[in-house]
Amino acid sequence: MKTLYLDAFSGISGDMFIGALLDLGVDFDQFRAELAKLNVDGYQLHVERLSKSSIYGTRFDVQLTHEKDHGFIESHHDPHHEHHHQDAVRHLSDIAALIAASTLSEKIKQQSLAVFTEIAKAEAAVHHMPLEAVHFHEVGALDSIVDIVGCFVALDLLKVDEVRASELTDGSGFIHVAHGEMPVPVPAVMQMRIGTNIPIKQRTDIQTELITPTGMGLVKALVRQFGPIPEAQILLKSGYGFGKRDTGAFNALRVLLFDEKKSMQTVSSDQDSVLLIEANLDDEDGESLGFAMDLLLEAGAFDVFFTPIFMKKNRPAIKLSVLCAPAERDRFASMLMKHTRTIGVRYQRMQRVIMKRHFKTVETRFGPIRVKVASHGDLVKQMAEYDDCAKAAREYGTSLETVKQEVNRLLNS
Ligand SMILES: O=C([S-])c1cc(C(=O)S)c[n+]([C@@H]2O[C@H](COP(=O)(O)O)[C@@H](O)[C@H]2O)c1
Ligand code: NI
């Protein structure tokens, strides 16, 4: 289960988000090829790796064939504003049609449209106009379409399961857009915050915008949990996506990619509790059971197992048992109901006595192999990690047992 953490100490925009994801290692050619499924032209992607404060990161930019006009969405209802030229405009319905007509995956289509709808609703509320009347300048809209769809494409390529974030930092003061001055956080961002618990901290020493409406729309669609950097998960990579504004400070979005592989976590307590969620299934086919087990394990269940049982009406059946963290009850209960035919689940919290554990790496003639070290009082057990041993056995064309024996020999020497 992969978790992406957004460390938004300098706010967030669409460009910063994509830059950071590319910096994490999303393949740019694959990214470009996926985006091409949108079937729109008039833009070029620009990506550059550079350093700020001696920290390397990525700047991503959508360069439009026609110069971007101004602002994001404009209202024809604004009596003080004149259009300088007859730009074609795109309403939310046009953007929905464009996304629907693309060959992007259904998931990416839905996610992207949700963000556009969120932003359009905020603009409609701020500028006091019906949602259908909100319209996007054709060129400005293209920038946003690429940013929004691009974020979901990159997240999909990274196989991210869950997005978490720090509190978001914004600047203060005012910015100038076509309509005049706008207070920071800008009105669309403030509007999107209504009814949510999205935390926004303001830096009074930065007199400009750090959170754009696109950035806020993406956060609102993606992030379900705000808080500090995850402590217990394994950090795989970090990336930096630079912002365009000169804020006088380090203007980047930092993203951290974590793997919540429970078996690889350091455990420093000898007691914990787990939740056992179960369902008796008497009308499930084998393929669905296998598929559900795969999904539950991928989603971070500690274990998933089947027990053959006999139920009422002489029906042979299967009991599906899931062990997970107590806080994950709703997520796994929903998954059981979604991926099996059960119409309810039962659960119980269980206390466990467990050995404290940490990992160390042993350098062997088959390469580095991680070893789990478990202890309880005077008792110490050391176990070579199966995944590492299996990988080494394949690479060196030897048996699993030979690799394990080599690790044990080194541990005991
Ligand atoms: O032009 C309009 S109406 C406009 C409205 C708002 C509101 O908050 S309302 C904000 N902006 C600013 O335009 C740029 C573009 O935003 P993206 O999300 O497309 O990057 C940004 O500075 C907004 O704050 C314009
Ligand atoms: Ni606006």
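Throughout this description, residue numbers start from 1 for each chain and increase along the sequence as written. Chains and ligands are labelled sequentially in the order written, the chains with letters from A and the ligands with numbers from 1. Two thresholds apply to this predicted model, a pLDDT of at least 70 for residue-level local features and 80 or more for giving and counting side-chain atom pairs, whereas whole-chain, interface and lining totals are computed over all residues. Side-chain measures were taken over the full set of non-hydrogen atoms in the model, leaving aside hydrogen atoms and water.

## With respect to the overall build of the protein
Rules: Secondary structure elements are taken from DSSP: a helix is a run of H or I of four residues or more, a strand is a run of E of two residues or more, and numbering for both begins at the N terminus. Only protein chains enter the accessibility calculation, which uses a 1.4 Å probe. A residue is then buried if its area is under 20% of the maximum for its type, exposed if over 50%, and partly exposed in between. Two residues form a contact once any of their heavy atoms are found within 4.5 Å. In this description, accessible areas are obtained by the Shrake-Rupley approach with a 1.4 Å probe, and a residue is regarded as covered only by the protein chains that are shown.
Looking only at helices and strands, the protein features 11 helices and 21 strands. Across the 413 residues that make up the protein, the buried fraction comes to 47%. The contacts in the protein between residues at least 6 apart in sequence include a share of 69% that link residues at least 24 apart. Accessible area for the protein stands at about 21,200 Å²; split by element, carbon and sulfur atoms hold 49% of it.

## Topic: the packing of aromatic side chains
Definition in use: Only centres within 6.5 Å qualify two rings of Phe, Tyr or Trp (six-membered ring in Trp) as a pair; their planes then separate them into stacked at under 30 degrees, edge-to-face at over 60, and tilted for everything else.
Applying the stated criterion across every chain yields a total of six aromatic pairs. Ring centres 6.3 Å apart and planes at 25° place the aromatic pair F28 and F31 in the stacked group. Of this pair, F28 and F31 both sit in helix α2 (residues 28-35), three residues apart, which is roughly one turn of that helix. For the pair shown, F28 and F31 are each scored as buried.

## Considerations on the coordination of the nickel ion (ligand 2)
Quick reminder of the rule: In this analysis a donor is any N, O or S atom within 2.8 Å of a metal ion (3.2 Å for sodium, potassium and calcium), and since water is not included, sites may seem incomplete. Geometry assignment treats four donors as tetrahedral when all angles are between 85 and 135 degrees, treats four as square planar and six as octahedral when opposite donors are over 155 degrees apart and all others between 65 and 115, and treats everything else as irregular.
Summarising the metal site, the nickel ion (ligand 2) is bound by the protein donors E123 (OE) and H127 (NE2), whose distances to it range over 2.0 Å. Angles of 85 to 144° at the metal separate the four donor atoms of the nickel ion (ligand 2), which places the site in the irregular class.

## Looking at the pattern of salt bridges
Between side chains of opposite charge, a pair can form as their charged atoms come close. The test is simple: Salt bridge, as used here: a side-chain nitrogen of Lys or Arg that lies within 4 Å of a carboxyl oxygen of Asp or Glu.
The full count for this structure, using the stated rule, is 24 salt bridges. In this structure, D7 engages R254 in a salt bridge whose closest nitrogen and oxygen atoms are separated by 2.8 Å. Remark: R254 occurs in strand β14 (residues 252-259) and D7 occurs in strand β1 (residues 2-7); sequence separation between them is 247 residues. Look at R254 and you get partly exposed, because its relative accessible area is 24%. Sharing partners across several salt bridges, the network here consists of D15, D61 and K244.

## Some points on the sheet that holds strand β20 (residues 367-376)
The condition that has to hold: Whether two strands pair comes down to DSSP finding at least two bridges between them. Comment: axis = line fitted to C-alpha atoms, over the contacting stretch for helices; angle = value between 0 and 180 degrees taken between N-to-C directions.
Pairing is antiparallel in the open sheet, where three strands are placed in the order β19-β20-β21. If you trace the sheet from one side to the other, it starts and ends with β19 (356-364) and β21 (379-384), each paired once. Between one strand axis and the next, the sheet turns by 25° as a mean value, whatever way the strands run. For β20 and β21, the ladder comprises six bridges, and the chain directions are antiparallel. Across the sheet, H376 pairs through a bridge with L379, a residue of β21. In the packing of helix α10 (residues 386-396) onto the sheet, the strands contacted are β20 and β21, and the crossing angle to β20 comes to about 155°. Packing of helix α11 (residues 400-412) onto the sheet brings it into contact with β19, β20 and β21, and relative to β19 it is tilted by some 100°.

## Here's the deal with the sheet that holds strand β16 (residues 303-311)
Taken in spatial order, the four strands of this open sheet run β16-β17-β15-β18, and their pairing is antiparallel. The outermost strands of the open sheet, each flanked by one partner alone, are β16 and β18 (346-353). Pairwise comparison of adjacent strand axes, ignoring direction, gives a mean angle of 25° for this sheet. Two strands pair when backbone bridges link them, and strand β15 (residues 271-281) and β18 are joined in this way by eight bridges, in the antiparallel orientation. Of the residues in β18, the one forming a bridge with L276 is Q348. Each of β15, β16 and β17 (315-324) touches helix α8 (residues 286-298); the most contacted strand, β16, lies at about 145° to it. Helix-sheet contacts for helix α9 (residues 329-339) involve β15, β17 and β18, and the interaxial angle to β15 is about 20°.

## Some points on the pairing of β14
Counted residue by residue, β14 has seven buried out of eight residues, so it is predominantly covered. Sheet analysis places β1 next to β14, joined by six bridges and oriented antiparallel. Each residue of the ladder has a partner; that of L6, found in β14, is V255. Pairing between strand β13 (residues 234-242) and β14: eight bridges, direction antiparallel. Residue pairing in the sheet places F242 in a bridge with A252 of β14.

## Brief notes about the pairing of β15
Taken across its 11 residues, β15 has eight buried, putting it largely inside the fold. Pairing of β15 with β17, which is carried by seven bridges, proceeds in the antiparallel orientation. Each bridged residue has a counterpart across the sheet, and for E278 the counterpart in β17 is S321.

## Structural notes on the environment of E395
Mapped onto the elements, E395 comes out in helix α10. Judged by relative accessible area, E395 falls into the exposed class, the value being 55%. Separated by 29 residues in sequence, E395 and F366 have C-alpha atoms that sit 8.3 Å apart.

## Notes on the packing of α10 against α11
The cut-off we apply is this: Any angle that falls under 35 degrees is termed roughly parallel, while one over 145 is termed roughly antiparallel, one within 65 to 115 roughly perpendicular, and all others oblique. Throughout, a crossing is termed right-handed when the near helix is turned clockwise from the far one, and left-handed when it is turned anticlockwise from it by less than a right angle. Three classes are used: nonpolar for Ala, Val, Leu, Ile, Met, Phe, Trp, Tyr, Cys and Pro, charged for Asp, Glu, Lys and Arg, and polar for all others, with Gly counted as polar.
It is at 8 Å that the axes of α10 and α11 come closest, and there the two elements cross at 120°. Taken together, the axes of α10 and α11 lie oblique to each other. Here α10 and α11 pass one another in a crossing that is right-handed. Residues Y386, C389, A390, A392 and A393 of α10 form the contact with α11, whose own contacting residues are L400, V403 and K404. Across the contact of α10 with α11, the residue classes break down as seven nonpolar, no polar and one charged.

## Looking at unusual backbone geometry
Here the residue pair V184 and P185 is connected by a cis peptide bond, since its omega of -5° sits within 30 degrees of zero. Locating P185 in the fold gives a position in the loop between β10 (180-183) and α6 (187-193). Unlike most non-glycine residues, N39 shows phi in positive territory, near 60°. Note on placement: N39 falls in the loop between α2 and β2 (43-52). A residue is classified by how much of its surface remains accessible, and N39, at 55% relative accessible area, is exposed. A positive phi angle, close to 50°, is found at S53, a residue other than glycine. By the secondary structure assignment, S53 is in the loop between β2 and β3 (55-64).

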